[in-house]
Amino acid sequence: MKCDLHQFTKWIEEIQEQPAWRSTADYEMDYYDGNQLDSEVLRQQREIGLPSAIENVTAPAIDSLTGMEVKQRKDWKVIPTDDEQGIDDRTKRGLGGKLHTAERESHADDSCSSGFFGLVTVGIGWVEVSRESDPFKYPYRCTPVHRNEIYWDMLAKRPDISDARYLVRRKWTGIEQAALLFPKHKKLIEATGSGWHGLDWQDITTDGGGSTSLSRSLDIERGWSVEEQEWRDIASERICLFEVWYRSWENVLVLKLRNGRVIEYDKNNPMHRQAVAIGVTLDKAIVGRVRLAWFLGPHQLHDGESPYKHGFFPYVPFWGKREDRTGVPYGLIRSIIFLQDEINARISKMQWGLGAIRTIRTEGAVVGEDEHFRQEVARPDADIILDAKHMSKPGAKFEVKRDFELNTQQYNRLQDARDAVERVTGVTDAFRGEGSKGQSGLAINSLIEQSVQGIAKMSANFETSRAMVGDLLLSLMLEDINGKLMELPVQAGPLGDDQPARVNVPTVDPETGTEYLTNDTSRMRLKCTLEDVPTTPSFRSQQLAALSEAFKSAPPEHQRVMMPQLLSLMDVPYKEELIKAIKDISVAPSEEDVEKRIADAVKKAVADQRFDLEERRIALMEKETAEKIAKIVEEKVNKRIESIYSAVQASREIAATPELSGVSDQILESAGFEDADAPPIVARPDRLDGPPPADDLSGSELPPENTSPMFPPRVQEPDIVTPEIDEQEQMNEADAGFQEGIEAQG
């Protein structure tokens, strides 16, 4: 079933036939606002000379109850609908923490307080739980809605109106804003809002106008039976949009699983067909699907499925009291109105009586006009002139009286009316913090408990509605995080672990290879309920006082456990950091742990010392090794130099005396010398018989003569002829030069 114009008109006519309780509710709210004397009462008071007086006892009584709601406010907590789902506490706390953030950012507490105010005053309050259309704001919003904007199916019996056929909200808005909300119907909205003025009627009736259905829309509007002032204000250029939430009832097939979960059967889902094949129960059911339609008067702007998956209307009712026969809501102000009028009337009469004077006189007793006499006698310094001639007559009389006894009776009746306000509302002086003189604390607590009991039904209704607001907010939150891997911060309290909770974790079954999600939020069946104890500052102060007394008498080992909880109840700066520091040092080690820590520390110190010593030893060894290597290299170089020098000397000797080559070769072989070079070190005898061939030296440049005294002399160039000198002569010449040098120095 869809909401067409015919169905919408039937609901509008049904709403018009509902009991006229809204005007009564507005009248009751005037008493809370102090508008308690209407024009007729004021006129009558002026005629008889009564002063206007108002003592508003209604507002303080209501404010005391709303203050109690704020003082005893309880937070939401997330729990599963059953314990068979296996949801761990960390996940529940993580989702609860995210819900608390949504509660704070969406202003849910303030909205629920507004709903409680309507509940107490006139018996009904409404809170909208929806998504925020502004992308720059928090994605969810909780907004209080005035009672006169909401019309619902009053035949519904359930408190959450889950069995209601419809709910209509009337929203007056500007034409431009409505055109932005529905751009496809911009021309229709502008034409309807202006009353079809300023339009070219020829365009409406031509084919071009027919494409926008303006001609048909005008005919529908002319034939609609609802008054024009109900949905259009041409003078102020405002129109009324009807937001219609309704249920379309359908027959569906559902699967009932063994764990209690109920799923709508989808024939295109192979897993559903397989479940039916293995024997899962398949039943028929009648369900109501929530849909949304928008109307501008008789013109339908939209009709489609609900944008939310929770299956409820996005408006939560806060019920106070309801009439038994009609279901009309009402609150505490209905029972205060008579007493409030009585108090105002008594105060007005008492004030008038204090200044009223009654006179008894015979005609002609006073000199002057009667009107002048009445004005004069009412003055405190009245000067009245009597007619002496008249007063001398027998029976002449003149008396002035003030009836203060009548004022006493008025005052007693006033006190009775004030006391009756406490009796009908249940709000006593002790509940308001007054009238505690001469009363014990037990007596005061008993009076407060009586007041709480008097509104117990209203308090229970409020808790139910507040929990429903949390359910709808939780549903929106889960709808947005389904299928997304997230880490939710966990506030585990002063004694718990604050590790984050992970939801929608991708996991692969090692046996089948099937991918699935661990902690899948789409499969969780959760609901929102209220904490057992309030979380307000005043209640925390009471908890702090009680826990402080218990802390004083607790053993030291218990005090270490209680200290973080005690600090969590205090309003001190850097409380979280202080609790964390205390938790880190609160675990006292045992004697075995202390001994083990000491032993580990000693082992670590010894190991560190050994490591340092070993590091030093290795450094010294490396230094010694480097020095040895340097020494070996130096010795090797020296030996090579000596070997080269000796070889050069030997080659010189062999070059000077070729006959020594054979002897030298024999000596080297006897000493075990192995020739490792490819060419032999010792020249072959055939090469020692004569000088080398001329072609071996042709084209080559021989090095110049070596004149350094530190190296053996080199073989001279072949073109230089070395004279043959006897060996003895060479020795003599060397000695002579040496001696000559010594003598020269002398």
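Residues numbered from 1 in each chain as written. Predicted model: local features only at pLDDT ≥ 70, side-chain atom pairs only at ≥ 80, totals over all residues. Heavy atoms only, no water.

Caption draft 1: Focus on the sheet that holds strand β2 (residues 124-131). One open sheet accounts for three strands, arranged β3-β2-β11; its pairing is antiparallel. Strands with a single pairing partner mark the edges of an open sheet, and in this sheet they are β3 (140-145) and β11 (315-319). On average, each strand axis in the sheet is inclined to that of its neighbour by 20°, with strand direction left out of account. (Pairing = 2+ DSSP bridges. Helix = DSSP H or I, 4+ residues; strand = E, 2+ residues; numbered from the N terminus. Axes fitted to C-alpha atoms, helices over the stretch in contact; angles between N-to-C directions.)

Caption draft 2: Quick look at the packing of helix α5 (residues 89-105) against helix α18 (residues 456-481). Look at α5 against α18: their axes get within 10 Å of each other, and the N-to-C directions meet at 110°. One element, α5, and the other, α18, form an angle in the roughly perpendicular class. The interaxial crossing formed by α5 with α18 has right-handed handedness. Packed against α5, whose contacting residues are L95, K98, L99, A102 and E103, the element α18 presents R466, G470, L473, L474, M477, L478 and I481 at the interface. Across the contact of α5 with α18, the residue classes break down as eight nonpolar, one polar and three charged. (Parallel < 35°, antiparallel > 145°, perpendicular 65-115°, else oblique. Left-handed = near helix turned anticlockwise from the far one by under 90°. Contact = heavy atoms within 4.5 Å. Nonpolar A, V, L, I, M, F, W, Y, C, P; charged D, E, K, R; others polar.)

Caption draft 3: Representation of the pattern of salt bridges within the structure. Using the criterion set out here, one finds 32 salt bridges in the structure. A salt bridge links R232 to E221; its shortest N-O distance comes to 2.6 Å. Here R232, found in strand β6 (residues 232-233), pairs with E221, found in helix α11 (residues 214-222); they are eleven residues apart in sequence, far enough to count as distant. In this structure, R232 and E221 share a single accessibility class: buried. With its nearest N and O atoms 3.5 Å apart, the salt bridge here joins D283 to K256. (Salt bridge = Lys/Arg side-chain N within 4 Å of Asp/Glu carboxyl O. Buried < 20%, exposed > 50% of the residue type's maximum accessible area, 1.4 Å probe, protein only.)

Caption draft 4: Up close: helix α14 (residues 370-377). Every buried residue belonging to α14 is among F373, E376 and V377, and all of these are buried. Looking down the long axis of α14, one finds its buried residues gathered within 90° of arc, a one-sided arrangement. Each element contacted by the buried residues of α14 is listed here: β14 (358-361) and β15 (398-401). (Arc of directions from axis to C-beta.)

Caption draft 5: A look at the environment of G304. Topologically, G304 is positioned in strand β10 (residues 299-305). Measuring from C-alpha to C-alpha, the distance between G304 and V290 comes to 9.2 Å, with 14 residues separating the pair along the chain. Look past the residues within four positions of G304 in its chain and what remains in contact with it is R291 and L292.

Caption draft 6: Quick look at α5. For α5, which comprises 17 residues, the first-to-last C-alpha distance of 24 Å matches the rise-based estimate of 24 Å (1.5 Å per residue) to within 8%. All of the buried residues in α5 are T91, G94, L95, G96, L99, A102 and E103. Phi for H107, located one or two positions after α5, is positive at around 60°. (Expected span 1.5 Å × (residues − 1).)

Caption draft 7: Representation of the packing of aromatic side chains. This model, assessed by the stated rule, comprises 18 aromatic pairs. What links up through ring pairs into an aromatic cluster is the set F8, W224, W231, F242 and F295. It is R22 that lies over the ring of Y151; its NZ or CZ is 4.0 Å from the centre. Just above the ring of W319 sits the side chain of R322; from NZ or CZ to the centre is 3.9 Å. (Phe/Tyr/Trp six-rings, centres within 6.5 Å; stacked < 30°, edge-to-face > 60°. Lys NZ or Arg CZ within 6 Å of the ring centre and 35° of its normal.)

Caption draft 8: Fine view of the nonpolar core. Judged by nonpolar contacts, the single largest core of 98 residues is most densely connected at W126, V129, L167, F242, V244 and V469. Element by element, the count of residues in this core is highest for α18, at eleven residues. Those residues in contact with L167 that lie beyond four places of it in its chain are W126, I150, Y151, W152, I161, E243, V244, W245, F313 and Y315. Counting eight residues, the second-largest nonpolar core is a separate cluster that includes I343, A417, A420 and V421. (Core = buried A, V, L, I, M, F, W, Y, C linked by side-chain atoms within 4.5 Å.)

Caption draft 9: Inspection of the confidence of the model for the protein chain at higher detail. In the predicted model, the protein chain carries a mean pLDDT of 80, and 78% of its residues have values of at least 70. Scored below 50 in pLDDT, residues 681-690 shows nine contacts in the model against residues more than four places distant or in partner chains. A low-confidence stretch, residues 692-703 (pLDDT under 50), is modelled with eight contacts involving residues beyond four sequence positions or located in other chains. (pLDDT = per-residue confidence, 0-100.)

Caption draft 10: Examining unusual backbone geometry more closely. One non-glycine residue, H107, adopts positive backbone phi at about 60°. Assignment of secondary structure puts H107 in the loop between α5 and α6 (108-121). Backbone geometry places N519, a non-glycine residue, at a positive phi of 55°. The partly exposed category is assigned to N519, whose relative accessible area is 24%.

Caption draft 11: How the structure looks around the pairing of strand β20 (residues 526-530). Residues L526, C528 and L530 line the buried face of β20, whereas the alternating positions K527 and T529 sit on a face that is not buried. Note that strand β1 (residues 76-80) and β20 share five bridges and pair antiparallel. Following the sheet pairing, K77 is matched in β20 by T529.

Caption draft 12: Structural view of a nonpolar patch on the surface. Together, I629, V633, V637 and I641 make up a nonpolar patch on the protein surface, roughly 340 Å² of accessible area in all. One can find V633 in helix α22 (residues 591-656). According to the relative accessible area criterion, V633 is partly exposed, its value standing at 47%. (Patch = residues over 30% accessible without salt bridge, like charges linked within 9 Å, V, L, I, M, F, W, Y side chains within 5 Å. Areas by Shrake-Rupley, 256 points an atom, 1.4 Å probe, with all protein chains shown as cover.)

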